[in-house]
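Each chain, letter by letter, is given below.
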Amino acid sequence: MVDIDLHSAHRQLGATNPLIQCITNTVVQQFSANVLLAVGAAPAMLDHEADAAQFTQIASGLLVNFGTATSHQFLAADAAIEAATAHSTPWVLDPVSIGAADFRTTRIRRAARCHPTAIRGNASEIAALAGFGLGGRGVDSTDEVEAVLPAAVHLAATTGAIVAVSGPVDAIVAQIDGVDHVVRIEGGHALMPLVIGTGCSLGAVTAAYLASPPTTPGSSADPSADLATTSASQSANPAITAAKLTAVVAAHAHFAVAGAQAAEHAQGPGSYSVAFLDALHALTADQLAQARIEIGTFESSAA
Amino acid sequence: MVDIDLHSAHRQLGATNPLIQCITNTVVQQFSANVLLAVGAAPAMLDHEADAAQFTQIASGLLVNFGTATSHQFLAADAAIEAATAHSTPWVLDPVSIGAADFRTTRIRRAARCHPTAIRGNASEIAALAGFGLGGRGVDSTDEVEAVLPAAVHLAATTGAIVAVSGPVDAIVAQIDGVDHVVRIEGGHALMPLVIGTGCSLGAVTAAYLASPPTTPGSSADPSADLATTSASQSANPAITAAKLTAVVAAHAHFAVAGAQAAEHAQGPGSYSVAFLDALHALTADQLAQARIEIGTFESSAA
Amino acid sequence: MVDIDLHSAHRQLGATNPLIQCITNTVVQQFSANVLLAVGAAPAMLDHEADAAQFTQIASGLLVNFGTATSHQFLAADAAIEAATAHSTPWVLDPVSIGAADFRTTRIRRAARCHPTAIRGNASEIAALAGFGLGGRGVDSTDEVEAVLPAAVHLAATTGAIVAVSGPVDAIVAQIDGVDHVVRIEGGHALMPLVIGTGCSLGAVTAAYLASPPTTPGSSADPSADLATTSASQSANPAITAAKLTAVVAAHAHFAVAGAQAAEHAQGPGSYSVAFLDALHALTADQLAQARIEIGTFESSAA
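Numbers given to residues run from 1 along each chain, matching the order in which its sequence is written. Starting at A for chains and at 1 for ligands, labels are handed out in the order in which the entities are written. Since the coordinates come from a predicted model, pLDDT governs what is reported: local features require at least 70, and pairs of side-chain atoms require 80 or more to be given and counted, while whole-chain, interface and lining totals use all residues. Here the side-chain values reflect all heavy atoms present in the structure, with hydrogen atoms and water set aside.

Residues and elements named next belong to chain C. Per-residue accessibility, obtained with a 1.4 Å probe over protein chains only, is compared with the maximum for each type, and a residue is labelled buried under 20%, exposed over 50%, and partly exposed between these values. Only DSSP runs of H or I with at least four residues qualify as helices, and only runs of E with at least two residues qualify as strands; both kinds are numbered from the N terminus onward. For strand β1 (residues 19–23), a buried count of 5 out of 5 residues is recorded, marking the element as mostly surrounded by other parts of the structure. Residues L19, Q21 and I23 line one face of β1 and the alternating positions I20 and C22 line the opposite face, and both faces are buried. Of the pairings in the sheet, the one linking β1 to strand β2 (residues 42–44) comprises 3 bridges and is parallel in character. Across the sheet, the residue bridging to L19 is A42, located in β2. What makes two strands pair is DSSP finding at least two bridges between them. Where β1 lies against strand β3 (residues 61–65), 4 bridges are found, and the strand directions are parallel. Paired with C22 across the bridge in β3 is L63.

This part is about the sheet that holds strand β3 (residues 61–65) of chain A. Residues and elements named next belong to chain A. Reading across the sheet, the 9 strands line up as β2-β1-β3-β4-β5-β6-β7-β8-β9 and stay open at both edges, with mixed pairing between neighbours. If you trace the sheet from one side to the other, it starts and ends with β2 (42–44) and β9 (292–297), each paired once. Taking the axes of each pair of neighbouring strands and ignoring which way they run, one obtains an average angle of 20 degrees across the sheet. Here strand β7 (residues 169–176) pairs with strand β8 (residues 179–186) via 8 bridges, running antiparallel. Residue I172 lies in a different strand from β8, and its bridge partner there is V183. Throughout, a residue-residue contact means that at least one pair of heavy atoms, one from each residue, lies within 4.5 Å. For helices, the axis comes from a line fit to the C-alpha atoms of the stretch in contact; other axes are also lines fit to C-alpha atoms, and the angle between any two N-to-C directions lies between 0 and 180 degrees. In the packing of helix α4 (residues 71–86) onto the sheet, contacts are made with β1 (19–23), β3 and β4 (91–94), and the angle to β3 comes to roughly 150 degrees.

Residues and elements named next belong to chain A. When pLDDT is averaged along chain A, the result is 90, and 88% of the positions lie at 70 or above. Predicted confidence is poor over residues 217–234, with pLDDT under 50, and the contacts of this stretch with residues over four places away or in other chains come to 27 contacts. Scored as a complex, the prediction yields pTM 0.93 and ipTM 0.92. Confidence of the prediction at every residue is given by pLDDT, a number between 0 and 100.

The operation linking the two copies of the chain is a rotation about an axis combined with a translation along the axis. We place the copies in one frame by least squares, fitting the C-alpha atoms of every residue whose pLDDT is at least 70 in both. In the superposition of chain C on chain B (RMSD 0.0 Å, axial shift 0.0 Å), the rotation amounts to 120 degrees. Such a turn and shift between the copies fits a three-fold axis. The position closest to the rotation axis in chain C is occupied by the C-alpha of C:T26, lying 3.8 Å away. Mapped onto chain B, only 15% of the interface residues of chain C again fall at the interface, so the copies present different surfaces.

In structure tokens form, the structure reads like this:
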């Protein structure tokens with residue numbers, strides 16, 4: 001069974017202070033930046049088509065989210081994704097708004113074929129990206145996490161990405177040594193979906209954890225190169241994929257634990273949002289390591 | 001006298017969870033999304049010229065606000081307004097920034113001629129749009145609500161829209177059966193104008209209430225079609241206009257009551273903003289029904 | 001020694017309610033608008049290339065910040081800067097993102113040559129703009145304020161601007177009568193850099209104070225014309241530069257005092273952000289006048 005060392009992941013993020021470039025929607029830019037600062041990363045939102053990719057060369061991680069993308073931002077993302085790939089920089093695709101309209105659906109599918117390190121979305125979005133559903137109405141989700149697991153497994157297999165499905169219980173899917181691993185993370189709170197950007201900023205934090213990987217047994221001297229490796233032959237290295245999986249799980253566990261803690265100080269979605277940023281920042285490695293996670297494998301009912 | 005059933009309006013909004021497309025300024029996107037979530041609606045901010053209108057076809061309501069519009073966003077709004085009209089989807093125009101510069105004033109006037117279901121602005125903006133004033137300096141208002149009532153009545157008559165003027169006491173104007181009805185709503189707090197987006201997000205909530213209409217006596221089986229009806233002959237149906245008026249009043253009453261409640265937990269504009277989101281979310285139908293509203297008619301002093 | 005009357009500066013800002021046009025990055029638009037409202041100014045974020053400059057003609061002050069600039073916003077800023085110069089309107093340049101990529105670095109350097117009234121940035125940004133360093137990674141700063149004082153003095157001399165370097169102790173540099181004055185301001189809190197926009201919004205508040213100058217001895221009847229004067233011969237007027245310096249110091253002192261007060265009500269960056277807005281709004285002229293400032297001159301160690 002794969003080993004998930006959340007303690008080490010948290011320590012690495014704090015020690016690394018990774019610079020995360022977010023090419024993301026304008027609705028959540030402020031919240032995502034505050035979330036990245038709260039967890040110990042440094043945000044940068046440069047998304048000009050002329051220089052986004054040059055910036056990617058100095059970034060430690062990249063998030064791509066087309067929620068309010070302009071044509072300029074689509075072009076910037078194309079270039080940034082190429083630069084991330086060329087520099088082995090991990091990057092995360094958030095397929096928010098897939099299915100909402102043809103043009104953006106086409107663009108999101110195109111990005112998914114460019115070897116993202118991880119894909120994070122809600123159940124509707126993951127199903128739509130995998131070709132198993134119609135997509136959501138924007139940011140909310142009309143499918144259930146467990147119901148879309150086959151879609152997530154299919155998406156992981158076809159893209160080579162770690163696939164994360166957000167919901168009351170998150171599910172993270174990774175193919176390691178031909179086995180479909182599924183890690184479930186419980187936590188958060190019912191108020192969380194009432195704060196805009198809690199999903200989108202989780203994609204940014206996923207990029208931050210991927211950008212500050214722990215050194216794993218069996219990996220080479222440069223852990224960041226390992227993590228970003230995306231070609232089929234290299235991703236077959238189980239240690240590399242396990243390190244990536246740990247990073248994605250750590251990001252979701254960070255949100256799950258802080259999201260539950262925040263509810264203790266909230267009278268509604270406004271105060272919840274404030275308490276959530278406080279809790280993200282205060283979270284210790286020990287608290288993270290106590291996240292309620294369950295590690296298992298996916299057994300296709302069709303098999 | 002027109003009947004305003006706020007209790008029913010609140011219940012409908014909660015039951016409908018309408019998807020509201022906001023083509024709005026980037027300053028207030030986050031706050032508007034959080035406000036929509038707090039009152040029980042689902043926000044989506046797609047504003048790409050290539051696909052905004054396709055999304056409008058699945059949205060239940062539309063807000064158009066050109067506060068920081070790019071040329072792309074102007075084009076997106078043109079297409080979305082056409083789609084909303086074709087699908088009888090209610091839409092709200094916020095004329096923020098009218099009078100600030102010629103180009104945007106031209107575009108705002110053009111949108112106002114496209115049969116918005118409602119127009120919401122502060123006193124300066126409504127006066128400027130009606131051709132009775134010079135517009136504001138951006139988001140603040142230099143005219144008084146009562147002083148611009150003739151302008152609001154004129155604007156309602158020429159556009160066929162419900163016209164809402166925001167201020168310490170809001171005034172909502174609707175022409176029903178040839179009579180100019182004026183509903184005044186008292187509430188809110190002096191801190192409210194110190195939180196950016198409290199006006200702009202009210203436009204979004206107005207669209208949300210218009211998108212989830214109560215079934216009214218005398219209306220047809222499809223209440224949403226009723227509400228969105230904009231042609232002169234159809235808007236002459238008193239029941240339709242009364243339902244629209246109720247929706248616009250409910251949105252303003254929701255803000256007025258929650259805005260007053262929020263002040264009890266505020267030490268300044270920062271904490272007021274947080275408490276306001278909490279209060280918007282906690283507001284019950286009973287509390288909404290106790291809003292301080294006054295229903296009357298407009299008597300022109302010139303008559 | 002130059003006289004810094006913070007009491008008078010605060011009174012003037014409250015009495016003037018200046019309209020501040022912000023051509024700024026989308027990440028911080030909401031926070032910057034709320035900050036401007038909290039200190040008693042009126043924000044407007046119009047940045048369309050077709051009409052931004054027309055709006056500048058009615059604005060009292062202008063902020064230019066290219067953090068997420070599109071080509072359209074670069075064009076809008078060009079026009080707005082010309083309009084500000086033509087109308088003697090004070091304007092502030094925030095060089096955020098300088099050094100991050102060539103295209104934007106070129107644009108920021110170009111703006112710096114257009115006679116900004118003040119330039120505000122962190123140590124890395126000021127060093128990079130002066131040609132003494134490589135710039136930051138986005139919003140964070142890797143150099144120390146004191147270490148970049150020679151760069152700030154050089155930048156003040158070459159641009160004619162007041163140069164403000166933000167950090168744990170801010171330093172404001174102004175050349176008056178051939179003497180390089182340095183005003184240091186202590187305050188704020190370690191949580192402040194964990195809230196996105198605290199730096200960028202300080203640029204906006206600097207523009208607000210510059211837009212509402214106290215009448216100074218020796219100045220002409222129109223104080224706003226004085227403050228905005230940028231040509232070499234006119235800026236040689238010591239009274240004019242002292243008034244400008246006072247405005248820039250007042251903005252930084254406002255943040256320093258409110259930033260320290262906010263920490264008393266904060267459990268983390270989320271609640272700090274809320275308390276900061278409350279404190280900015282509650283700050284009295286008496287409290288501002290008690291800011292910990294130190295007025296001195298710069299002695300080049302090379303001399």
